[in-house]
Amino acid sequence: MSETNDAPRTDRDTTDDGGGLSRRSFLTGAGTAAALGISGLSAAREEGLTGLEVVSDPIGDYPYRDWEDFYREKWDWDSISRSTHSVNCTGSCSWDVYVKNGQVWREEQAADYPTFDEDLPDPNPRGCNKGACYSDYVNAEQRIKHPLKRTGARGEGKWKRITWEEALTEIAEHVVDEVEAGRYDCISGFTPIPAMSPVSFASGSRLVNLLGGVSHSFYDWYSDLPPGEPLTYGHQTDNAEAADWYNADYLIAWGSNVNVTRIPDAKYFLDAGYDGTKRVGIFTDYSQTAIHTDEWLSPKAGTDAALALGMAHTIVSEGRYDEAHLKEQSDMPLLVREDTGKYLRASDVGMGNDKTLLMCDQGGDVRVAPGSLGDRDGKYDADSSITLDFDPRLDAEFSVEGIPVTTVWNKLTDRLAEYTPEAVHEETRVGTETLQRIAREFADAEKAKIIHGKGVNDWYHNDLGNRAIQLLCTLTGNIGENGTGFDHYVGQEKIWTTHGWKSLSFPTGDVRGVPTTLWTYYHAGVLDNTDPETVARVEEALEKDWMPMYPAERPDGTRPDPSTMFVWRGNYFNQSKGNVAVEETLWPKLDLVVDINFRMDSTALYSDIVLPAASHYEKYDLSMTDMHSYVHPFTPAIEPLGEAKTDWQIFRELAAKIQEVATERGVEPIDDREFDREIDLQSVHDDYVRDWISGEPGALAEDRAAVDFVLEHSEETNPEESENHVTVDDIVEQPQRFEAAGGHWTSDLDEGEAYAPWQDFVQDKEPWPTFSGRQQYYIDHDWFLDLGEELPTHKSPETMQDDYPLQYNTPHGRWSIHSTWRDHPQMLRLNRGEPVVYLNPSDAEERGIEDGDDVVLFNDLAEVEAVAKIYPASPEGSATMYHAWEMYQFPDHQNFNALVPMYMKPTQLVQYPADSGEHLSFSPNYWGPTGVNSDVRIDVRKKGGEGQ
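As the structure is a computational prediction, the values presented were derived from the model and not from experiment. (Residues numbered from 1 in each chain as written. Predicted model: local features only at pLDDT ≥ 70, side-chain atom pairs only at ≥ 80, totals over all residues. Heavy atoms only, no water.)

**Overview of the overall build of the protein chain**
Link 1 in the chain: Counting its secondary structure elements, the protein chain contains 30 helices and 32 strands.
Link 2 in the chain: In summary, the protein chain has a C-alpha radius of gyration of 30 Å against a globular reference of 30 Å for 948 residues, a match within 12%.
Link 3 in the chain: Structurally, the protein chain occupies a C-alpha span of about 115 × 75 × 70 Å along its principal axes.
Link 4 in the chain: Burial statistics for the protein chain: of 948 residues in total, 63% are counted as buried.
Link 5 in the chain: A separation of at least 24 residues holds for 75% of the contacts in the protein chain among residues at least 6 apart in sequence.
Link 6 in the chain: When the accessible surface of the protein chain is split by element, carbon and sulfur atoms take 44% of a total near 34,000 Å².
Link 7 in the chain: Treating the 82 positive side-chain charges of the protein chain as one cloud and the 169 negative ones as another, the clouds have centres 4 Å apart. (Helix = DSSP H or I, 4+ residues; strand = E, 2+ residues; numbered from the N terminus. Rg over C-alpha atoms; globule rule 2.2 N^0.38 Å. Buried < 20%, exposed > 50% of the residue type's maximum accessible area, 1.4 Å probe, protein only. Contact = heavy atoms within 4.5 Å. Areas by Shrake-Rupley, 256 points an atom, 1.4 Å probe, with all protein chains shown as cover. Lys, Arg positive; Asp, Glu negative; His and termini not counted. Charge placed at Lys NZ, Arg CZ, Asp CG, Glu CD.)

Dropping the structure here:
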């Protein structure tokens, strides 16, 4: 969508038009007058500009009008292109990019998403303050324009400019050395969030896959993954698109600060209120979303599970639950052995296999629960059903074959008995009457929905918080239809066009995926400094292959260190929890760190070679999000600046150089130790550009062809049983709604309706992909039983810094998307312009700190300097620093994460069932340990005060 502006333009005549004053003489005279400090009519007289005269109507009657061209030219352009921004905000907003004289000079919201339901608010416009100034990045001083090689220490900032040939040759020779020596699994590739630019994601992932290298997870590493969803639902996160918020009668924003982190979608939350929806905010602080709710609850930090269980206690004790939903859709009627705490299996009583679970009917007979693993064909089985042909008891308790049994429901009600209003108030500080009233309102609403966010998910016990809050939806039957559900919005867990993206990213079909939290924990030496129980559980998980670890252990029992890391589209080093351990232990193990970037961020600063990437306005790609059901493109508004290249071009040219070096050396194909394939470096470029589905050689040499490939091979844009296909030309003209939802979604995408998940199970009665075939709240894995977490419960936050009084919080902010825009002048002007910590007035006064003071944040791990902002909306006992300040923005290259240790919860390493893993087993960004941030305590002192 590139066009020339055909608006009429005024001739720029600089000659005297007979009125005694030309444009040139006007400018010359004005400039001279300014230099002399003269202004107004006196300036005109001094310069002899006799053509100026006083007029009564300066707008309608003025002898010189060409000055208006200054304004006209400011808003003039040569062409417009459609593009967007490849950042992990989940916004996916389409923008028009204006180009003049070969330069991007502004952007504007495209505002042409088609409406699919006239009863919902208009989907337009979409955008935010960050996207509105991305054009400044295109020519920014921190823009990387040429390949750079480090000449000083990592992080020192000493570089020399090298040629592309030099850069690619050095990287290729190192890679060939590693692969030829059998160390291909020492090569790592880290890049996050395919949905924000799947072709760019695939560019490096494709090469790493062909090399036999390791692809890293991101959704769990960022602590965006809510473990409670795969635990309870057996499926990766699925949530409604934001438009569905408007369909709810009752909305709870629970730890999700939508007015800051979901700016393009906040209108649905706000507009719902005008339509009569009650909106409740549950935030520790008086957040930017809390101020727009009808009611605000402020539990103590880390006590969300207790509050949710207290609400569940009220719903159950007052009989406000949906009994029919619980019997059919949940594990509440399932029988549990009281001697072992395990589910009663059919094999225990001679009724079948050990993966078939049982219920008790109203007559007291034991019956097979339809849809459990032993009663269906695999994890997903659309031909099976959980429909009941009998009425199960929720409260059964008896003996069968001498085995005492009870139901999950009985165990749950016993657990909930601990969460009386008084006990919950003591733990959370939320009033007893308030929590009971909100629970009743939620249960009694026709359609109730919970918008769940990072405020809950950043804690060590995030899985317990997830499960407790999910329980509210299950108890009340608020799941599986529009306007209901537990909708988790943090990061982007998946991509609509999955098949096309996956085929492009991992052409061999064999992927060395690794959970980045565990990989970092292991190689940064954290395992050597943690408690014995955690060490034992990690070692057991690795020994039993519940979780993978690379490089793999060798036959002689040794395990090499990782040697090579490619980072693109992300800022791994800056965002790392346990940043001190990463810098001091992990980073020295890496012989080569290559960063592909359009700007000099902290990871680039700590890399060995930095390659200049095209900006978001200089390439072809796709953009999509689970916040809406549209797809739209990146298109190149201008050529890449300097020597920059697109991600696809960079990795393709690197593949060509690797192939060249390997051919010159005569490197023979290498048998892969893990997969039935050979790693052939002499054909790696040919394999890179080959279409592995059609077999056509050279078909994927260009970015645009890769975009076409993703659209062509995805059910969402090219459904098999439809003549409707979405093409690049279609989305350049206007964003397009997807044609269908593929098998990785849990509902159909119906015309005229907002997408809402879980309908395959709730409405179509397919078994949930859990052990039980239902929403499963009872996890009878040995580790969960040992830790008392077989059911949702509340546990206090874990911390190793109990001696420090302030809880350290690093939420997402309004002025950046992670670290992108953290160094942007316009965004810096909208806040303090440097790292800032928000303190409650009481905490600041106690420490003699005033607004604007330079302060030091400290604990046993590190000291970090910032400026103090007194912030009454923060709760007492807290210190908040919005995350992702770049290291070079701190004195002495400090890091906001230096204060954060690396925690990893062992229960997130399990396979379940332990022998087969149909319910839970590692899959990148699906199930794996989360890199949590919030279980941290610090103190703050005025800079120059005691101890300094």
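**Re the pattern of salt bridges**
Link 1 in the chain: Within the structure shown, the criterion is met by 65 salt bridges.
Link 2 in the chain: The partner of D112 in a salt bridge is R82, and the shortest N-O contact between them spans 2.6 Å. Taken together, the residues span a long stretch of sequence, with D112 in the loop between β3 (103-109) and α4 (135-138) and R82 in strand β1 (residues 79-83) at a distance of 30 residues.
Link 3 in the chain: For the salt bridge of D687 with R690, the shortest nitrogen-to-oxygen distance reads 3.2 Å.
Link 4 in the chain: When salt bridges that share partners are traced, they join K278, E295, R437 and E441 into one network. (Salt bridge = Lys/Arg side-chain N within 4 Å of Asp/Glu carboxyl O.)

**Let's talk about the domain arrangement of the protein chain**
Link 1 in the chain: Annotation of the protein chain at the domain level lists domain 1 (1-64), domain 2 (148-223 + 494-737), domain 3 (240-488 + 760-776) and domain 4 (806-942).
Link 2 in the chain: A C-alpha centroid distance of 30 Å is found between domain 3 and domain 4.
Link 3 in the chain: Facing 26 residues of domain 3, the contacting portion of domain 4 comprises 27 residues.
Link 4 in the chain: Among the salt bridges present, the one from K905 reaches D463, with a minimum N-O distance of 2.8 Å.
Link 5 in the chain: Between domain 3 and domain 4 we count 13 residue pairs in polar contact (both at pLDDT 80 or more) in total.
Link 6 in the chain: Among the elements of the structure, α8 (258-261) and α16 (462-476) are those that each provide at least two residues to the side of domain 3 that touches domain 4.
Link 7 in the chain: Taken together, the residues of the side of domain 3 that touches domain 4 sort by class into 11 nonpolar, eight polar and seven charged. (Domains from an automatic or database assignment. Polar contact = N/O pair within 3.5 Å; in protein donor to acceptor, adjacent residues only side chain to side chain. Nonpolar A, V, L, I, M, F, W, Y, C, P; charged D, E, K, R; others polar.)

**Some details on unusual backbone geometry**
Link 1 in the chain: The omega angle of the peptide bond from N124 to P125 is -10°, so this bond is cis rather than trans.
Link 2 in the chain: The omega angle of the peptide bond from Y912 to P913 is -10°, so this bond is cis rather than trans.

**Quick word on helix α23 (residues 647-665)**
Link 1 in the chain: Along its 19 residues, α23 runs 27 Å from first to last C-alpha, staying within 8% of the 27 Å computed at 1.5 Å per residue.
Link 2 in the chain: A positive backbone phi angle near 70° is found at G666, which sits one or two residues after α23. (Expected span 1.5 Å × (residues − 1).)

**Describing the sheet that holds β1**
Link 1 in the chain: As summarised here, the arrangement of the three strands in space is β1-β2-β3, forming an open sheet in which the pairing is antiparallel. The open sheet terminates on both sides in strands that have one partner only, identified here as β1 and β3. Neighbouring strand axes in the sheet, compared pairwise and without regard to direction, differ in orientation by 30° on average.
Link 2 in the chain: Here β1 pairs with strand β2 (residues 95-100) via five bridges, running antiparallel. Looking at β2, one finds that S81 is bridged to V97. (Pairing = 2+ DSSP bridges. Axes fitted to C-alpha atoms, helices over the stretch in contact; angles between N-to-C directions.)

**Description of the pairing of strand β15 (residues 403-407)**
Link 1 in the chain: Counted residue by residue, β15 has four buried out of five residues, so it is predominantly covered.
Link 2 in the chain: Taken together, the three bridges between strand β11 (residues 335-337) and β15 define a ladder with antiparallel strand orientation. The partner of L335 across the bridge, within β15, is T407.
Link 3 in the chain: Across four bridges, strand β14 (residues 397-400) lies against β15 in antiparallel orientation. Across the sheet, S399 pairs through a bridge with P404, a residue of β15.
Link 4 in the chain: Turn length for the β14-β15 hairpin, with the two strands adjacent in sequence and antiparallel, is two residues, and the turn residue E401 shows positive phi of about 55°.

**Observations concerning the nonpolar core**
Link 1 in the chain: I252, W254, F566, Y572, W587 and I658 are the most contacted members of the largest nonpolar core, which totals 177 residues.
Link 2 in the chain: W254 has contacts with I282, D304, L307, A308, M311, I450, I451, H452, G453, V456, I469 and L472, leaving out every residue within four places of it along the chain.
Link 3 in the chain: One finds V104, Y617, A868 and I938 within the second-largest nonpolar core, a separate group that totals 47 residues. (Core = buried A, V, L, I, M, F, W, Y, C linked by side-chain atoms within 4.5 Å.)

**What about the state of the cysteines?**
Link 1 in the chain: Enumeration over the complete set of coordinates arrives at zero disulfides.
Link 2 in the chain: With no disulfide of its own, C89 has C93 as its nearest cysteine by sulfur position, at a separation of 6.2 Å. (Disulfide = S-S within 2.5 Å.)

**Points about a nonpolar patch on the surface**
Link 1 in the chain: Residues Y286, I291 and W296 make up a contiguous nonpolar surface patch of about 280 Å² in total accessible area.
Link 2 in the chain: Residue classification places Y286 among the partly exposed positions, given a relative accessible area of 37%. (Patch = residues over 30% accessible without salt bridge, like charges linked within 9 Å, V, L, I, M, F, W, Y side chains within 5 Å.)

**Thoughts on the UniProt feature "domain: 4Fe-4S Mo/W bis-MGD-type" (unreviewed entry) in the protein chain**
Link 1 in the chain: As annotated by UniProt and renumbered to match this structure, "domain: 4Fe-4S Mo/W bis-MGD-type" (unreviewed entry) occupies residues 78-142.
Link 2 in the chain: Helix and strand shares over residues 78-142 are 6% and 28% respectively, and the end C-alpha atoms of the span are 26 Å apart. (UniProt positions renumbered as here; feature names shortened; annotations may be inferred.)

**Describing the environment of F269**
Link 1 in the chain: Summarising the element assignment, F269 is placed in helix α9 (residues 266-274).
Link 2 in the chain: With 435 residues separating them in the primary sequence, F269 and R704 have C-alpha atoms 37 Å apart.

**Quick notes on the packing of helix α10 (residues 304-317) against α16**
Link 1 in the chain: It is at 8 Å that the axes of α10 and α16 come closest, and there the two elements cross at 20°. If you check the angle between α10 and α16, you find them roughly parallel. Between α10 and α16 the crossing geometry is left-handed. Here α10 contributes A305, A308, L309, M311, A312, I315 and V316 to the contact with α16, which in turn contributes L464, G465, A468, I469, L471, L472, L475 and T476.
Link 2 in the chain: When its residues are assigned to classes, the contact of α10 with α16 shows 13 nonpolar, two polar and no charged. (Parallel < 35°, antiparallel > 145°, perpendicular 65-115°, else oblique. Left-handed = near helix turned anticlockwise from the far one by under 90°.)

**Some points on the sheet that holds strand β22 (residues 621-623)**
Link 1 in the chain: Strand order in this open sheet of three strands is β22-β23-β26, and the pairing throughout is antiparallel. Of all strands in the sheet, those bounded by a partner on one side alone are β22 and β26 (736-737).
Link 2 in the chain: Sheet topology places β22 next to strand β23 (residues 630-634); three bridges connect them, and they run antiparallel. Bridging across to β23, L622 finds its partner in P633.

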